[in-house]
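Analysis of the macromolecular model
Here's the letter readout for the chains.
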Amino acid sequence: MLDKEPQEFRTSNAFIEVWHIFRRDRIALFSFYALILLILTALFGSSIAPYPSDMIFIGKELMPPSWNDRGEVAYFFGTDDIGRDLFSRLINGTTYTLGAAGIIVIFTAIIGGFLGIVAGMSKGIKSQILGHFLDAFLSIPILLISIVIATLMEPSLSNAMLAILLALLPHFIHEIYQAIQKEWQKDYVLIQRLDGASNLTLLKDTILPNILALYIKEITRAFTVAILEISALSFISLGAQRPTPEWGAMIRDSLELIYLAPWTVILPGVAIMGSLLIVIVFGNGLTKAIDKYYE
């Protein structure tokens, strides 16, 4: 992304221009509509699903998906070992997996963005100490940090969300901090400072627009990490507990059926991977559109 003068960022129709650029990428546009569909499913899953997630159909245990000769259209994705409709559980699971990940990302973007800006605008010994402190967290995988935190609390989805949020924040803050520190060192910022521009003006009109693409990349990364870790913690019994239809928990509960009823394990896995792909493609497409707008 090219450096711009402050006035070049003050475009009233910036969002419209970015949207016009974004919609030219058909794959990214498809991912946008797919993401909207996922969000609506997460919000209204219980109303969309044909059956309640915990409804048991006696005599319909381990029914294969409808495209199998032994399957029934009424149970489109088949049933699990106690006769619950998998299609309904996957739809309701969107609320728990993507909904939980979305909440984590919102708090990470707001809290991490604010603290990253404060850290990035700091100078001198305080900035150096803070930078080394944040660097130390990069050597520890986020999943390991979240597992350690989650083991100190009672296993539940809400506690897993808190553990992931605390594990994500240092990494998010570090990236914003580093980006602002790099922008601070650039010639166009120095020139504006010599012209008398205040730190707040530089931050609002120049630095933040220049790191917007990176901010979106970090949000996308945080979203994908949150989806994976919500599922991972539930899979190892540190997150959602029975009978919550969270996708990772569904895989855990059906893992012993992998050879007898593989659809009970494969379909939640496909839901996780499909959601990750949609989020990544959308984030990359939006980042490219913003970069092209500022070229």
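Per an unreviewed UniProt entry, the recorded name for the protein is Binding-protein-dependent transport system inner membrane protein, and the organism is Actinobacillus porcinus. The UniProt entry for the protein carries this comment under Sequence similarities (unreviewed entry): "Belongs to the binding-protein-dependent transport system permease family. OppBC subfamily."

This part takes up the packing of helix 9 (residues 212-235) against helix 10 (residues 247-254). At a closest axis distance of 7 Å, the pairing of helix 9 and helix 10 adopts a crossing angle of 30°. For helix 9 against helix 10, the interelement crossing comes out right-handed. In this structure, helix 9 contributes Ser231, Ser234 and Phe235 to the contact, and helix 10 contributes Gly248, Ala249, Ile251 and Arg252. Among the residues making up the contact of helix 9 with helix 10, the classes are represented as 3 nonpolar, 3 polar and 1 charged.

Let us now look at the layout of surface pockets. In this structure, the largest pocket encloses a volume near 490 Å³. Contributing to the lining of the largest pocket are 22 residues, with Leu35, Ile39, Gly102, Val105 and Phe223 lying nearest its centre. Listing elements by their share of the lining of the largest pocket, those giving two or more residues are helix 2 (26-48), helix 3 (86-121), helix 9 and helix 11 (263-293). When grouped by side-chain class, the residues that make up the lining of the largest pocket number 18 nonpolar, 4 polar and no charged.

The geometry of a pair of packed helices is captured by two quantities: the angle between their axes and the separation between those axes. Between helix 5 (residues 142-151) and helix 6 (residues 157-184), whose axes approach to 8 Å, the crossing angle comes to 140°. As far as their axial angle goes, helix 6 and helix 5 are oblique. Seen from above, helix 5 lies across helix 6 with right-handed handedness. Where helix 5 approaches helix 6, its residues Ile142, Ile145, Ser146, Ile149 and Ala150 are matched on the opposing element by Ala163, Ile164, Leu166, Ala167, Leu168 and His171. Of the residues contributing to the contact of helix 5 with helix 6, the split by class is 9 nonpolar, 2 polar and no charged.

Parameters at a glance
Residues numbered from 1 in each chain as written. Predicted model: local features only at pLDDT ≥ 70, side-chain atom pairs only at ≥ 80, totals over all residues. Heavy atoms only, no water. UniProt positions renumbered as here; feature names shortened; annotations may be inferred. Axes fitted to C-alpha atoms, helices over the stretch in contact; angles between N-to-C directions. Helix = DSSP H or I, 4+ residues; strand = E, 2+ residues; numbered from the N terminus. Left-handed = near helix turned anticlockwise from the far one by under 90°. Contact = heavy atoms within 4.5 Å. Nonpolar A, V, L, I, M, F, W, Y, C, P; charged D, E, K, R; others polar. 1 Å grid on protein atoms, 1.4 Å probe; cavity = no way out; pocket = protein on both sides within 12 Å on 5 of 7 lines; lining within 4 Å. Points joined across faces, edges and corners; volume = space filled by probe spheres on them. Parallel < 35°, antiparallel > 145°, perpendicular 65-115°, else oblique.

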